[in-house]
Protein chains: 2
Amino acid sequence: MADFDSGSEQPVPRKRADARRNERALLDAAAAAFVTSGVDVPVRDIAVRAGVGVGTIYRHFPTRADLIVAVYRHQIEACAEAGPALLADSDTPYAALARWIDLFVDFLVTKHGLAAALQSDAAAFQTLHAYFLDRLVPVCDQILDAAVAAGEIRPDTNAYGLLRGVGNLCIGAGNDPRYDARRLVDLLVAGLRVR
Amino acid sequence: MADFDSGSEQPVPRKRADARRNERALLDAAAAAFVTSGVDVPVRDIAVRAGVGVGTIYRHFPTRADLIVAVYRHQIEACAEAGPALLADSDTPYAALARWIDLFVDFLVTKHGLAAALQSDAAAFQTLHAYFLDRLVPVCDQILDAAVAAGEIRPDTNAYGLLRGVGNLCIGAGNDPRYDARRLVDLLVAGLRVR
DNA sequence: TTGGCAAACGGAACGCCGTTCCGTATGTTT
DNA sequence: AAACATACGGAACGGCGTTCCGTTTGCCAA
């Protein structure tokens, strides 16, 4: 690994200054808009907030999913990275699973409408789907494997289904005080235990 | 309770013949359209299938939810009525619960997109929400109470949350073979058991 | 049978939304 | 400073739900 090819050379020449500025503005505007109006906020609203035209949004983020991913990338990353840490810190793999799922739920329920978008099977949300799952399924799998190995949970459990299930349970959380998504997720995770 | 006021008198005068005919046609057309294109099928499509104008749809069914309710009323009714029957026939209340939830899942997963519509918090779906819950929550409550009384499940369980949870888990079922909604529902119900 | 009227109809029209497209402006490089 | 690629803005388009109103149709009474 010599530093061959490193240095100032940029194979992808830097983008224009205004383009970088607008991308920043769009991310900020989108983040703010998502908080106040949910991830379904009309594209035009985001454009107005950012002070750009709608065309600029599509140039930077071809689909809404791309924008959502870009806005939440950091938090998803943090959630993914917390997995191995929890596994190391917790008394048992099952405890780690419960805590990790809790993090995931935290993330979902604070993002108005994100859980619903996550489940959409529209082609446009392929990116969103792919990013979430590619990043989180392996982490979940690792925890599940450990819990199975410890004999704590049923062996026939797959991370993909579990994550989608948890995601679905979080849909509509926060709209209705009678619907306690977190409790249902707890029940679901409890259902995984061997009896 | 004499048969006072019974007989041929109709306080609500019969609707016109064409109105009744169109309502029938609309219900049939909607049912067919829901099967092939899901409950999100464009209103115009239903109108074309029924051979009527869009205005006619809105005159008979002010909101999409009204139409959905009308189309599925029979099946919802059947599900509701199955509750007490299962409670009487099953070995334990918990068994009745499991079987009843299974019926509910059967209903949801065969109606493309219905589960998603059921969760929508848009004002237009208030009717749908209300009808489903008014009809099914009491039934579920009865079964849950029996199971609690038998000491089979946790005491702090509410029917509303459970039904919404099950409904949410059914969202997207059938779109992806890797997502097994029924299994997740089973896990959720298993999580209700006392341990 | 027919006249009149309320009921019901159809589809044009409106507004919102996502998305595309292209004439214009702006940054960058020589 | 000239020339070029890059990026911009917003008009324009198509699809959708919903409303509205001029027209038609069934019903009943004369």
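Residues numbered from 1 in each chain as written. Chains lettered and ligands numbered in written order. Predicted model: local features only at pLDDT ≥ 70, side-chain atom pairs only at ≥ 80, totals over all residues. Heavy atoms only, no water.

Caption draft 1: Structural detail: the overall build of chain A. The helix and strand inventory of chain A stands at nine helices and zero strands. For chain A, the N- to C-terminal ordering of α and β elements is α-α-α-α-α-α-α-α-α. Relative to its full complement of 195 residues, chain A shows a buried share of 46%. Contacts in chain A between residues at least 24 apart in sequence constitute 65% of all its contacts with a sequence separation of at least 6. Total accessible area on chain A is roughly 10000 Å²; 54% of this is exposed by carbon and sulfur atoms. (Helix = DSSP H or I, 4+ residues; strand = E, 2+ residues; numbered from the N terminus. Buried < 20%, exposed > 50% of the residue type's maximum accessible area, 1.4 Å probe, protein only. Contact = heavy atoms within 4.5 Å. Areas by Shrake-Rupley, 256 points an atom, 1.4 Å probe, with all protein chains shown as cover.)

Caption draft 2: Quick peek at the relation of the copies chain B and chain A. Expressed as a screw transformation, the operator carrying chain B onto chain A has a rotation angle of 180° and an axial translation of 0.0 Å, and the superposed copies differ by an RMSD of 0.0 Å. What we have between these two chains is a two-fold relation. Residue by residue, 100% of the interface of chain B is reproduced at the interface of chain A, so both copies engage with the same surface. (Least-squares fit on C-alpha atoms with pLDDT ≥ 70 in both.)

Caption draft 3: Looking closely at the domain arrangement of chain A. All names here are of chain A. Per the domain assignment, the segments of chain A are domain 1 (16-61) and domain 2 (72-192). Between the C-alpha centres of domain 1 and domain 2 the distance comes to 28 Å. Opposite the four residues of domain 1 that make contact, domain 2 presents five residues. Area buried by domain 1 at its contact with domain 2 is led by Phe 34, Gly 38 and Val 39, which between them contribute 79% of it. Connecting domain 1 to domain 2 are zero salt bridges. Remark: the boundary between domain 1 and domain 2 carries one residue pair in polar contact (both at pLDDT 80 or more). (Domains from an automatic or database assignment. Buried area = accessible area lost by both parts, 1.4 Å probe. Salt bridge = Lys/Arg side-chain N within 4 Å of Asp/Glu carboxyl O. Polar contact = N/O pair within 3.5 Å; in protein donor to acceptor, adjacent residues only side chain to side chain.)

Caption draft 4: Focus on the interface of chain B and chain A. Contacts between the two partners involve 28 residues from chain B and, on the opposite side, 28 residues from chain A. Carbon and sulfur atoms make up 54% of the area that chain B and chain A hide from each other, which totals about 2500 Å². A per-residue breakdown of the area chain B buries against chain A is headed by B:Tyr160, B:Arg183 and B:Leu187, which together make up 19% of the total. On inspection of chain B and its partner chain A, the count reaches four salt bridges.

Caption draft 5: Just the packing of helix H7 (residues 126-149) of chain A against helix H8 (residues 159-169) of chain A, in detail. Residues and elements named next belong to chain A. Interaxial distance between H7 and H8 falls to 8 Å at its minimum, and their mutual angle equals 115°. In terms of crossing hand, the pair formed by H7 and H8 is right-handed. On the side of H7, the interface is formed by His 129, Leu 133, Leu 136, Val 137, Cys 140, Asp 141 and Leu 144, while H8 contributes Ala 159, Tyr 160, Leu 162, Leu 163 and Arg 164. Per-class residue counts for the contact of H7 with H8 are nine nonpolar, one polar and two charged. (Axes fitted to C-alpha atoms, helices over the stretch in contact; angles between N-to-C directions. Left-handed = near helix turned anticlockwise from the far one by under 90°. Nonpolar A, V, L, I, M, F, W, Y, C, P; charged D, E, K, R; others polar.)

Caption draft 6: Representation of the packing of aromatic side chains. Under the counting rule described, the total for this entry stands at eight aromatic pairs over all chains. Each ring, one from B:Tyr72 and one from B:Phe107, has its centre 5.8 Å from the other, and the planes form 85°; the classification is edge-to-face. Of this pair, B:Tyr72 sits in helix H4 (residues 64-89) while B:Phe107 sits in helix H5 (residues 93-109), and the two are 35 residues apart along the sequence. B:Tyr72 sits in the buried class, given a relative accessible area of 6%. Centre to centre, the rings of B:Trp100 and B:Phe104 are 6.3 Å apart; their planes meet at 10°, and the pair counts as stacked. With B:Trp100 and B:Phe104 both in helix H5 and four residues apart, this pair spans about one turn of that helix. Assigned by exposure class, B:Trp100 and B:Phe104 land together as buried. Through pairs of rings, three or more aromatic residues link up here, namely A:Phe34, A:Tyr72, A:Phe107 and A:Phe132. Seen from the ring of A:Tyr160, B:Arg178 lies directly overhead, with NZ or CZ sitting 3.9 Å from the centre. Note that B:Arg193 overlies the ring of B:Tyr94, its terminal NZ or CZ placed 4.0 Å from the centroid. (Phe/Tyr/Trp six-rings, centres within 6.5 Å; stacked < 30°, edge-to-face > 60°. Lys NZ or Arg CZ within 6 Å of the ring centre and 35° of its normal.)

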